[in-house]
Amino acid sequence: MTFIKIQNVVINTSYVAAINLDSQTSLGEKSVSVLIATPKFPLLQWDTVAQNLYHYEWIEFTGQAATALQDYFTNFNNVIDLLPQYQESGVV
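My aim in this report is to walk through the structure given alongside it, one point at a time. (Residues numbered from 1 in each chain as written. Predicted model: local features only at pLDDT ≥ 70, side-chain atom pairs only at ≥ 80, totals over all residues. Heavy atoms only, no water.)

Let us look at a nonpolar patch on the surface. On the surface, M1, F3 and V10 cluster together into a nonpolar patch covering about 380 Å² of accessible area. Positionally, V10 belongs in strand 2 (residues 9–12). Overall, the relative accessible area of 54% leaves V10 in the exposed class. (Patch = residues over 30% accessible without salt bridge, like charges linked within 9 Å, V, L, I, M, F, W, Y side chains within 5 Å. Areas by Shrake-Rupley, 256 points an atom, 1.4 Å probe, with all protein chains shown as cover. Salt bridge = Lys/Arg side-chain N within 4 Å of Asp/Glu carboxyl O. Helix = DSSP H or I, 4+ residues; strand = E, 2+ residues; numbered from the N terminus. Buried < 20%, exposed > 50% of the residue type's maximum accessible area, 1.4 Å probe, protein only.)

Structure representation (structure tokens):
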């Protein structure tokens, strides 16, 4: 479990479900969006069979925060790229 502090937001990376690294705001400004999935705890035990056990929320960052998040999530120490952009030419 790792925590990331971006300006006044602290994110527990255990709850990061997805990241959109290459997006833009409606004004054309570069942004990075992070999908946070936090568990919902049912009030009653028999509610545990509920379909939606998580609450999902997209958080969008722009400016220096977007650049810092993109650097963090593209750093090879933090993320393993399963499909690299530049594959060897011998692979068909």
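More follows now that the structure is in view.
This part is about helix 1 (residues 63–74). Here helix 1 is 12 residues long and its end C-alpha atoms lie 17 Å apart, about the 16 Å a rise of 1.5 Å per residue gives. When we look at burial in helix 1, the residues that qualify are A65, A66, L69, Q70 and F73. Take helix 1 and look down its axis: the buried residues cluster within an arc of 130°, on one side only. Summarising the contacts, the buried residues of helix 1 are in contact with strand 1 (3–6), strand 3 (16–24), strand 4 (30–39) and strand 5 (54–62). (Expected span 1.5 Å × (residues − 1). Arc of directions from axis to C-beta. Contact = heavy atoms within 4.5 Å.)

Across all of its chains, the model carries 2 aromatic pairs by this definition. Relative to Y56, the ring of Y54 has its centre 6.4 Å away and its plane inclined at 45°; by these criteria the two rings are tilted. Residue classification places Y54 among the partly exposed residues on the basis of a relative accessible area of 41%. For Y56, a relative accessible area of 47% translates into the label partly exposed. Summarising the aromatic geometry, the rings of Y72 and F73 are spaced 4.9 Å apart at their centres and angled 90° between planes, so their arrangement reads as edge-to-face. By relative accessible area, Y72 is classed as partly exposed at 25%. (Phe/Tyr/Trp six-rings, centres within 6.5 Å; stacked < 30°, edge-to-face > 60°.)

Turning our eyes to something else, we now look at the sheet that holds strand 4. Strand order in the open sheet made by the 3 strands is 3-4-5, with antiparallel pairing throughout. Two strands lie at the open edges of the sheet, namely strand 3 and strand 5, each paired on one side alone. Put simply, the sheet's adjacent strands are angled 20° from each other on average, direction ignored. In the sheet, strand 4 pairs with strand 5 via 9 bridges, with the strands oriented antiparallel. Note on strand 5: the bridge partner recorded for L35 is W58. The strands that helix 1 touches are strand 3, strand 4 and strand 5; relative to strand 4, the one it contacts most, it runs at about 65°. (Pairing = 2+ DSSP bridges. Axes fitted to C-alpha atoms, helices over the stretch in contact; angles between N-to-C directions.)

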